[in-house]
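Structural description and commentary
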Amino acid sequence: MNTLRTMLLPRSVTLLGVVVAGLLLPGCLTEETQVNGSVPITLSADWTTQGFTDSDGTLGGLTNAQIDRIFEDLDDADLQSVRDALEAGQEVQVAGLRAFVTRNEGHVAQRQGVLQIDTGSGFEDAAEVNVPSNEAGTEATAANGRIVIEESFTGLGDLRGVMQDFLSAYLGGNRDAARQILLGLGWSATWSSTPPPTPQDPDDFDWTSEIVVMVPSQYTIDVPNL
Amino acid sequence: MSIRSTAALAAALLMLPVAASAQLEENLSSYTENNATGYLEPFRDTISAGLGSGLFTTAEIPRSRPYFQLGMRAMLVQFSDDDRTFEATAEDYFPGTGTYDAPTVIGDTDPDPVAGPGGTSFQFPGGLDIDRLPIAAPQLSVGGFLGTEAMVRFFTGEFGDDDIGDISLFGIGLRHSVSQYVPSSPVSIAASVMYQTFEIGDGLVDFSQTSLGVQASRRFPVVEPYAGLALHMSSMSSEYEFDATGDPETLEVDFDDETNVQLTLGATLHLLVFRLNGELGVGDQTTYTLGLSLGI
């Protein structure tokens, strides 16, 4: 038995050393991997509806403050990861749209209408909105069925190209050009109210629409693996 | 080598799963609660199987001969193909309907965007593309008092938010010799209870596990084959910053408690003051464990 111990000891220790080193040295356990993600940015439009005759509204576009916030979101991101994703062929995604009522001190009623966006070639439908009420706190999303985006709507598809141009300008360090691209966007909403507002019970509410854009990113990291 | 890089190396040696925790948090930020649960579920199961392994190298616990063993356990957890995807739902602003196969934390790194109507599309975050995951833990066992052994696993490290993040592992357990009450038993038998916690970052992963087990072994001159059966009861929560809309908010996700049965088969080589053990763990996930310990 002593002979067996003598034989086993150096071999086993050597084998153990090799195996443990192989297991524990990080370079043997990790590999470089490119992982895809996205940086979300939101294009917000704030609406105020007052009176009893308006059934539509047009906004000139994003405000400079809203654009500053988009810049801040991108500034906080790892821009190299965004560049890497674009070089890898990934594209900006326009993921969808939602809307919510932020204040209502006036007429409360069911609202149904269309939200349009102008990317430079006139207003195009982006989404249908149908909410049972415009009470403060009401949310309209695709998930709750109050936002419907038809296949034939082209507004968000056109926006995708615009956002790709915006991102190129931003990553190229030309913030003014990027800002002008966003300032060139226009929003329009048309809706009906059931029952309609009256002089005695006029509309007086604020609501916000948000388009969520996903900027691609690609990170190179070491992940544990064998 | 700086203190920081030395610390990072130590962390890599001891807690390899956290090496990608920063990316984990980044990817999680796109997910609300339901998706986060599906995304992280293989990670929870891995920690459960990994930490439930390598707890013992023998069932022999002397009644009145004090001893200690200080060692390192390296566990390798094998994932199945089913672990790579989960049924995800897109965020509420995306007009697509139903569920989609999206990568879990160990799944594909570059899933294709999901197309919706009107030019919309949604990008689920990628996984880390891991087939097998190594986990390592230091362990101290002290026993030989009334046929009882105490086990401790402990590691903690603070490595900043930008790299690995803070991690901590703590485990404490007791084993008691059952065979001491059965002198005619041909094998040594022991029963155990173990409690372990494992945390990554500031609440990113908060895992705890209680294990009940029974082990048997038979000592030959150099080799000691052993077997064990354990019941692992695990719970996990995750707190992270959700930022899928550019409006960050902190989310806390509580996972369903999980109970797993794990069968262990292994053998220990007794080499003077060293013990080298290898074992196979069979359960929801397969684990391979290699351990080296030093003691008297």
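Look up: the structure comes first, before these words.
This is a predicted model, so every value here is computed, not measured.

**Points about the packing of aromatic side chains**
Counted by the stated rule, this structure contains 12 aromatic pairs over all chains. Here Phe71 of chain A and Tyr170 of chain A contribute two aromatic rings whose centre-to-centre distance is 5.8 Å and whose plane-to-plane angle is 15°, an arrangement assigned as stacked. You can see Phe71 of chain A sitting in helix 3 (residues 64-76) and its partner Tyr170 of chain A sitting in helix 5 (residues 155-171), a full 99 residues away along the chain. Among the residues examined, Phe71 of chain A registers a relative accessible area of 3% and is labelled buried. Accessibility expressed as a relative area gives 5% for Tyr170 of chain A, which makes it buried. For the pair Tyr100 of chain B and Phe124 of chain B, a centre-to-centre distance of 6.0 Å together with 50° between the ring planes defines the contact as tilted. Of this pair, Tyr100 of chain B sits in strand 3 (residues 100-103) while Phe124 of chain B sits in the loop between strand 5 (121-122) and strand 6 (132-145), and the two are 24 residues apart along the sequence. Taken individually, Tyr100 of chain B and Phe124 of chain B each receive the classification buried, so the pair is uniform in this respect. When the ring centre of Phe71 of chain A is taken as reference, the NZ or CZ atom of Arg175 of chain A above it lies at 4.9 Å.

**Things to note about the nonpolar core**
Counting residues in hydrophobic clusters, the biggest one holds 49 residues, and the most contacted among them are Tyr31, Phe43, Phe122, Phe124, Val205 and Tyr240 of chain B. A per-element tally of this core places helix 3 (residues 33-51) of chain B first, with 7 residues. With residues near it in sequence (within four places) discarded, Phe122 of chain B still touches Ala95 and Met214 of chain A together with Ala90, Glu91, Tyr93, Phe94, Pro113 and Val114 of chain B. Of all hydrophobic cores here, the second largest spans 47 residues; its members include Phe71, Val92, Val162 and Ala169 of chain A.

**So, the pattern of salt bridges**
Enumeration according to the criterion identifies 16 salt bridges over all chains in this entry. Residues joined by salt bridges that share partners form a network here, namely Arg103, Glu105, Asp204 and Asp206 of chain A.

**Thoughts on empty space enclosed by the protein**
Here the structure, examined in full by the defined rule, presents 7 cavities of 30 Å³ or more. Of the volumes computed, that of the largest cavity is approximately 230 Å³. Around the largest cavity, the lining is made up of 18 residues, and of these Arg111, Val129, Val131, Phe205 and Trp207 of chain A lie nearest the centre. Those elements that provide at least two residues to the lining of the largest cavity are strand 3 (93-104), strand 4 (110-118), strand 5 (123-131), strand 8 (186-194) and strand 9 (203-224) of chain A. The element that contributes the greatest number of residues to the lining of the largest cavity is strand 4 of chain A, accounting for 5 residues. Looking at side-chain class alone, the lining of the largest cavity contains 12 nonpolar, 5 polar and 1 charged residues. When its volume is computed, the second largest cavity comes out at roughly 130 Å³. Lining the second largest cavity are 18 residues, and of these Leu55, Phe56, Ser192, Gln215 and Ala230 of chain B lie nearest its centre. Taken together, the elements giving at least two residues each to the lining of the second largest cavity come down to strand 9 (188-200), strand 10 (205-217), strand 11 (223-242) and strand 13 (258-271) of chain B. Residues of the lining of the second largest cavity, tallied by class, amount to 9 nonpolar, 8 polar and 1 charged.

Definitions and limits used
Residues numbered from 1 in each chain as written. Chains lettered and ligands numbered in written order. Predicted model: local features only at pLDDT ≥ 70, side-chain atom pairs only at ≥ 80, totals over all residues. Heavy atoms only, no water. Phe/Tyr/Trp six-rings, centres within 6.5 Å; stacked < 30°, edge-to-face > 60°. Helix = DSSP H or I, 4+ residues; strand = E, 2+ residues; numbered from the N terminus. Buried < 20%, exposed > 50% of the residue type's maximum accessible area, 1.4 Å probe, protein only. Lys NZ or Arg CZ within 6 Å of the ring centre and 35° of its normal. Core = buried A, V, L, I, M, F, W, Y, C linked by side-chain atoms within 4.5 Å. Contact = heavy atoms within 4.5 Å. Salt bridge = Lys/Arg side-chain N within 4 Å of Asp/Glu carboxyl O. 1 Å grid on protein atoms, 1.4 Å probe; cavity = no way out; pocket = protein on both sides within 12 Å on 5 of 7 lines; lining within 4 Å. Points joined across faces, edges and corners; volume = space filled by probe spheres on them. Nonpolar A, V, L, I, M, F, W, Y, C, P; charged D, E, K, R; others polar.

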